[in-house]
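Here's the letter readout for the chains.
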Amino acid sequence: MACTKSRARELLNRLKKIYLKPGPFVVWSNPLELVVGTVLSAQCTDERVNRVTKTLFKKYRTAEDYMNADPAELERDIYQTGFYRSKAKHLRAIGRMLLEKFDGDVPDDFASLLMLPGVGRKTAHIVMAKAFEEYTGVAVDTHVMRMAPRLGLTKHSEQEKIAKDLERLFPREDYLQVNEYLITHGRAVCVPRKPRCEACGLRDICPMLL
């Protein structure tokens, strides 16, 4: 049976009560830092990214700083986030594109964000929501891809199909919260290999336990 909007709303409301504040997530103070932090978070925990960016954001403050960064030095600066060679390449290319196409500023529209190297739909949705308060879609990462089917919010396993189902079930203003609360629950309780169902506040409405 397909999930209803009322059941989806109940799930989100429950998660809001269980976790008074979702997170932790990437710490940022401007759109450029959010883009950089989100790119670095690929295959890396947000906690580790925040440890790295605490120093990184003091050293690289503008798009020009990233564009002109010495490749080997930038790689060392972000080494702890993993995949540091490709990430450093993306950050330098992002800096160049921001300067060449957007006057050094992070663009505030979804299509333009997708032009940035290393920025996919997930990252673009997050930047639009957090930096510009524009809710363009639900960001679907590995946690959301696992959680949405488990909670009966979708029958699909493909990222884009999951996103469409979630966007059908939730109002636009909830898109960011859907992402963040599913991630938070997926980290705390509904972990990948052995979910802690006995400690789950959703166990009475979770389709895995019914």
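Predicted, not measured: the structure shown is a model, and the values here were computed from it. (Residues numbered from 1 in each chain as written. Predicted model: local features only at pLDDT ≥ 70, side-chain atom pairs only at ≥ 80, totals over all residues. Heavy atoms only, no water.)

A. Structural view of helix α2 (residues 31-40). Most of α2 sits out of view: nine of its 10 residues are buried. For α2, every residue scored as buried is listed here: L32, E33, L34, V35, V36, G37, T38, V39 and L40. Where α2 is buried, its residues meet α3 (46-59), α4 (63-67), α6 (84-102) and α8 (121-132). (Buried < 20%, exposed > 50% of the residue type's maximum accessible area, 1.4 Å probe, protein only. Helix = DSSP H or I, 4+ residues; strand = E, 2+ residues; numbered from the N terminus. Contact = heavy atoms within 4.5 Å.)

B. Main features of the pattern of salt bridges. The final tally for this structure, using the stated rule, is eight salt bridges. We note a salt bridge from R14 to D204, for which the minimum N-O separation is 2.9 Å. Of this pair, R14 sits in helix α1 (residues 5-18) while D204 sits in the segment after α11 (175-188); the two residues are 190 residues apart in sequence, bridging distant segments of the chain. Accessibility expressed as a relative area gives 46% for D204, which makes it partly exposed. A salt bridge links D77 to K59; its shortest N-O distance comes to 3.0 Å. (Salt bridge = Lys/Arg side-chain N within 4 Å of Asp/Glu carboxyl O.)

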